[in-house]
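Observations on the model geometry
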Amino acid sequence: AYDTLAQSSSSSAVGQVVRCSGPPLLCPPRAVTSLKHAFSRDAMDLTGLSEARIQQLMDADLLKFPSNIFTMGDEQWQTLEALPGWGTKSCQNLQDASQKVASRGISLGRFIYSLGIRHVGKHTSELVASCYGSVGAFLEALDSVSSHESTIDNETQSHQPFPELENKLGIGPVAIDSLIAFSKSKELVDASKTLAESLTILE
């Protein structure tokens, strides 16, 4: 969903700002920043993708979710090579870098951080990773929240989301609420699963 905010003076409106109210990765105006975060040094540490280049890939329908960069086929790499400012060398450098990241893998903490979950920063991501130990367990927890959504009784709290995170020092209710909100987006959870299948997640 989009919200249109009018910036006005005392006399008249001087402009408008379009803002998405949903998750950044699913919001076109904010997706570039979200993808840049996913590929950043503290996340997947994939070099060669500035915001401008990420926007190019998005405009060419080559990039929507982080996993896309690891699953591109020959035809897609050829399309990328033909984009302005790329060419054979730049394209090969990115392909090599993505293959390197996929093969060497990233830690579970970095994987969680790369998802760009609001209020779940680098330190909190490491804490969440320490609670689950494996990407499979973490993804099962996301699925568990989604599948039990209809059975949650807000009055009795008969189902407590992410029980593994309860009383974990450093993980507060704001971070847990953000994980719950993330879990309720099937598109984001599916994208997380695809990313986990696209590269090695170290336990």
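Residues numbered from 1 in each chain as written. Predicted model: local features only at pLDDT ≥ 70, side-chain atom pairs only at ≥ 80, totals over all residues. Heavy atoms only, no water.

Let us now look at helix α1 (residues 28-38). Taken as a whole, α1 has its buried residues at A31, V32, S34, L35 and A38. Against the buried residues of α1 lie α2 (51-59) and α6 (108-114). (Buried < 20%, exposed > 50% of the residue type's maximum accessible area, 1.4 Å probe, protein only. Helix = DSSP H or I, 4+ residues; strand = E, 2+ residues; numbered from the N terminus. Contact = heavy atoms within 4.5 Å.)

Turning our eyes to something else, we now look at the environment of L26. Mapped onto the secondary structure, L26 falls in the loop between β2 (13-20) and α1. Given the relative accessible area of 30%, L26 is considered partly exposed. Spatially, the C-alpha atoms of L26 and S185 are 9.9 Å apart, while their sequence positions differ by 159 residues. In contact with L26, not counting residues within four places along its chain, are F65, S185, E187 and L188.

This paragraph deals with the environment of Q56. Looking at where Q56 falls in the secondary structure, it is placed in helix α2. Spatially, the C-alpha atom of Q56 lies 9.9 Å from that of V32, the residues being 24 residues apart in sequence. For Q56, the residues in contact, after removing those within four places along its chain, are L83, P84 and W86.

All right, on to unusual backbone geometry then. At D61, a position not held by glycine, the phi torsion is positive, near 60°. Counting through the fold element by element, D61 comes out in the loop between α2 and α3 (68-71). The exposed category is assigned to D61, whose relative accessible area is 68%. At H119, a position not held by glycine, the phi torsion is positive, near 70°.

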